[in-house]
Every structure is written in structure tokens, then in C-alpha cells.
Amino acid sequence: MQADIVFKYFEQFNETQQQQFRDLEALYQDWNLKINVVSRKDIDELYLRHVLHSLGIAKIISFKPGAKVLDVGTGGGFPGIPLAIAFPETQFTLVDAIGKKIKVVDEVVEGLGLQNVQTRHCRVEELDVQFDFIVSRAVAAMPTFVNWVRGRIAKQSIHELKNGILYLKGGDLSEELAPYKTAQIYNLDQYFEEPFFDTKKVVYLPMKYKP
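Residues numbered from 1 in each chain as written. Predicted model: local features only at pLDDT ≥ 70, side-chain atom pairs only at ≥ 80, totals over all residues. Heavy atoms only, no water.

S.K.: Can you walk me through the overall build of the chain in this structure?
M.R.: Scanning the chain from N- to C-terminus turns up seven helices and seven strands. Listing each helix as α and each strand as β along the chain from the N terminus yields α-α-α-α-β-α-β-α-β-β-α-β-β-β. Computed over the C-alpha atoms, the radius of gyration of the chain is 16 Å, within 12% of the 17 Å expected from 2.2 N^0.38 for a compact globule of 211 residues. Reported as C-alpha extents along the three principal axes, the dimensions of the chain are approximately 50 × 35 × 30 Å. Burial statistics for the chain: of 211 residues in total, 53% are counted as buried. Taking all contacts inside the chain whose residues are at least 6 apart in sequence as the whole, residues at least 24 apart take part in 71%. Looking at the chain as shown, the accessible area adds up to about 10300 Å², and 46% of this sits on carbon and sulfur atoms. Of the charged side chains in the chain, 25 are positive and 27 negative; the average position of the first set lies 8 Å away from that of the second. (Helix = DSSP H or I, 4+ residues; strand = E, 2+ residues; numbered from the N terminus. Rg over C-alpha atoms; globule rule 2.2 N^0.38 Å. Buried < 20%, exposed > 50% of the residue type's maximum accessible area, 1.4 Å probe, protein only. Contact = heavy atoms within 4.5 Å. Areas by Shrake-Rupley, 256 points an atom, 1.4 Å probe, with all protein chains shown as cover. Lys, Arg positive; Asp, Glu negative; His and termini not counted. Charge placed at Lys NZ, Arg CZ, Asp CG, Glu CD.)

As C-alpha cells, then:
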């Protein structure tokens, strides 16, 4: 599965961005041999299962220049790296508690020449910074995740969507999201036609603040 599947759904990327997306495969193939951060099955479908899936968030929101986005539990750099390519004027912080994963992310970021990404080898609870949005790919059940990121979302919104969480998840989320009356679910099969996305969703949870 080549990078063309990305350009099928995102025609707005310039030549630099297109090349960065194309370069992802070789970088991950190389680093995955040294430090396994993506399963062998998934590395063969990198653009479908990781890159395009990450960009599902870009179908929900267009991050503005100067916005700050935190990727929690980034693993091999998803969804943070594809989003950082897509939004070069937005600042991304990619966090993971596992050092070898952050090492791979650092090498991929350097290989792509991305200037809008910083990484942290830590737990999100250790960060003392606020962000416009927090993104992630199903690293925990929503109640646990909300607890982790509490206090790390800025109050002042600059986007049409209020600041909050954008969470890539799959399957039946009704029970998990029952406590969150303001949660909105976007089905990715509305944007991408591949069967992989039949059960994939973006959950948007705006964060409330106590007066």
C-alpha cells in the first residue's frame, strides 16, 4: 500500500509534504528492523493502518498555525507524525513513557526534516504545559485517559471546535462514552472507503472547566 492512498483523500498537500509522506515507508522499514515499534503485518500496510488512520483527525479539524497539539502514548509516532506533516505550522509534542519508541520517533522526525515536532520521554502526568488539543490512538479507556490529561488543555479556544480530546478508537463505544454527554463520534467510513475503516472512529470530547 503506497503513499498514493493518502493523496487520494488529501489533495491539498504540497510537494514537500508529499515527499515527506513518501519517505515515511523507508524510514519505518529501516528503524523497525532495529527497534520493533510497528508489527510486521502493519508495517506492510503502513499507509492504510497508521498514516491514513492518523489523518482521520485531519478530516474532523484543520489545526491552525500556532496551535499546540499533544500526542499521548505516541508509540512509533502516530497520530502525531502524519498530523505534523499535514499541519506544518502547528506545534506538536509527542509523548511516550517507553524510551525506545521515542528514539524511533526522533529518528523519523529528523529524517523527514520536521521542524514542528518535539518529543518527550515521560508520562503525560509529568508535563506542566497546556495544549489546544490532545490526540491519541486508543491507549486507554476514555475515563482513564481523561484522568491522565486533566489540567493540560488550554481554556482559550482558537478553533471552531472547542479545545479538547480527539481520540482514535474502534468498535462499540456506547458504554465507555456513557459518562460523557458532550462526546461526539465521527465514523471514519464516512471519509475513507477502505473496509479497514468500517469500525474506526474519531471521538471528540470537549473539555469543561470549573468556574
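Next, the rest of the story.
S.K.: Looking at this structure, I do not really get the nonpolar core. What am I missing?
M.R.: Core analysis: the largest hydrophobic core is formed by 56 residues, its most contacted members being Val-6, Leu-24, Phe-63, Ile-81 and Leu-166. Residues within four places of Leu-166 in sequence aside, it is in contact with Ile-57, Ile-60, Ile-61, Phe-63, Phe-133, Ile-134, Val-135, Ser-136, Val-202, Val-203 and Tyr-204. (Core = buried A, V, L, I, M, F, W, Y, C linked by side-chain atoms within 4.5 Å.)

S.K.: I would appreciate a short explanation of the pairing of strand β4 (residues 133–137) in the present structure.
M.R.: Across a regular strand the side chains alternate sides, sitting on one face of the sheet and then on the other. Taking burial as the measure, the five residues of β4 include four buried ones, the bulk of the element. Here three bridges tie strand β1 (residues 68–72) to β4, and the two strands are oriented parallel to one another. Directly across from Val-69, in β4, lies its bridge partner Phe-133. Where β4 lies against strand β5 (residues 164–170), five bridges are found, and the strand directions are parallel. By the bridge assignment for β5, Val-135 is matched with Leu-166. The parallel pair β4 and β5, bridged by helix α7 (residues 142–149), forms a crossover whose chirality is right-handed. (Pairing = 2+ DSSP bridges. Right-handed = clockwise from strand over helix to strand, strands pointing away.)

S.K.: Even after reading the chapter, I still don't get the side chain of Lys-201, so can you show me in this structure?
M.R.: Summarising the element assignment, Lys-201 is placed in strand β7 (residues 200–206). Polar side-chain contacts of Lys-201 include one of 3.3 Å to the backbone oxygen of Thr-199. Setting aside residues up to four positions removed in sequence, Lys-201 forms contacts with Tyr-167, Leu-168, Lys-169, Gly-171, Leu-173, Ile-185, Tyr-186, Asn-187 and Leu-188. (Polar contact = N/O pair within 3.5 Å; in protein donor to acceptor, adjacent residues only side chain to side chain.)

S.K.: Got a minute to help me understand the pattern of salt bridges in this structure?
M.R.: If the charged atoms of two oppositely charged side chains come close together, the side chains can form a pair. What the rule picks out here adds up to six salt bridges. A salt bridge links Lys-8 to Glu-194; the nearest nitrogen and oxygen atoms lie 2.9 Å apart. Residue Lys-8 is located in helix α1 (residues 4–9), and its partner Glu-194 is located in the loop between β6 (184–187) and β7; the two are separated by 186 residues in the primary sequence. A cluster of three or more residues bridged by salt bridges with shared partners is formed by Lys-8, Glu-193 and Glu-194. (Salt bridge = Lys/Arg side-chain N within 4 Å of Asp/Glu carboxyl O.)

S.K.: In this structure, what is going on with the packing of aromatic side chains? I would like to understand it.
M.R.: For any pair of aromatic rings, the description consists of the separation of the ring centres together with the inter-plane angle of the planes. Overall, the coordinates contain 13 aromatic pairs when judged by the stated rule. Taken together, a centroid distance of 5.6 Å and an interplanar angle of 15 degrees make the contact between Phe-10 and Phe-13 stacked. Taken as a pair, Phe-10 and Phe-13 share a single burial class, namely buried. One aromatic cluster in this structure is built from Phe-7, Tyr-9, Phe-10, Phe-13, Phe-21, Phe-192, Phe-196 and Phe-197. Positioned over the ring face of Phe-10 is Lys-59, at 4.5 Å from the centre of the ring. Over the ring of Phe-196 we find Lys-200; its NZ or CZ atom is 4.2 Å from the centre of that ring. (Phe/Tyr/Trp six-rings, centres within 6.5 Å; stacked < 30°, edge-to-face > 60°. Lys NZ or Arg CZ within 6 Å of the ring centre and 35° of its normal.)

S.K.: Explain the packing of helix α2 (residues 15–34) against helix α4 (residues 46–54) here, please?
M.R.: Helices that pack against each other are described as a pair by the angle of their axes relative to one another and the distance between those axes. Direction vectors running N to C along α2 and α4 enclose 120 degrees, while the axes themselves pass 12 Å from each other. Comparing the axis directions of α2 and α4 gives the class oblique. Two packed elements cross with a definite hand, and for α2 against α4 that hand is right-handed. Across the interface between the two elements, Phe-21, Arg-22, Asp-23, Leu-24, Glu-25 and Tyr-28 from α2 touch Leu-46, Tyr-47 and Val-51 from α4. (Axes fitted to C-alpha atoms, helices over the stretch in contact; angles between N-to-C directions. Parallel < 35°, antiparallel > 145°, perpendicular 65-115°, else oblique. Left-handed = near helix turned anticlockwise from the far one by under 90°.)

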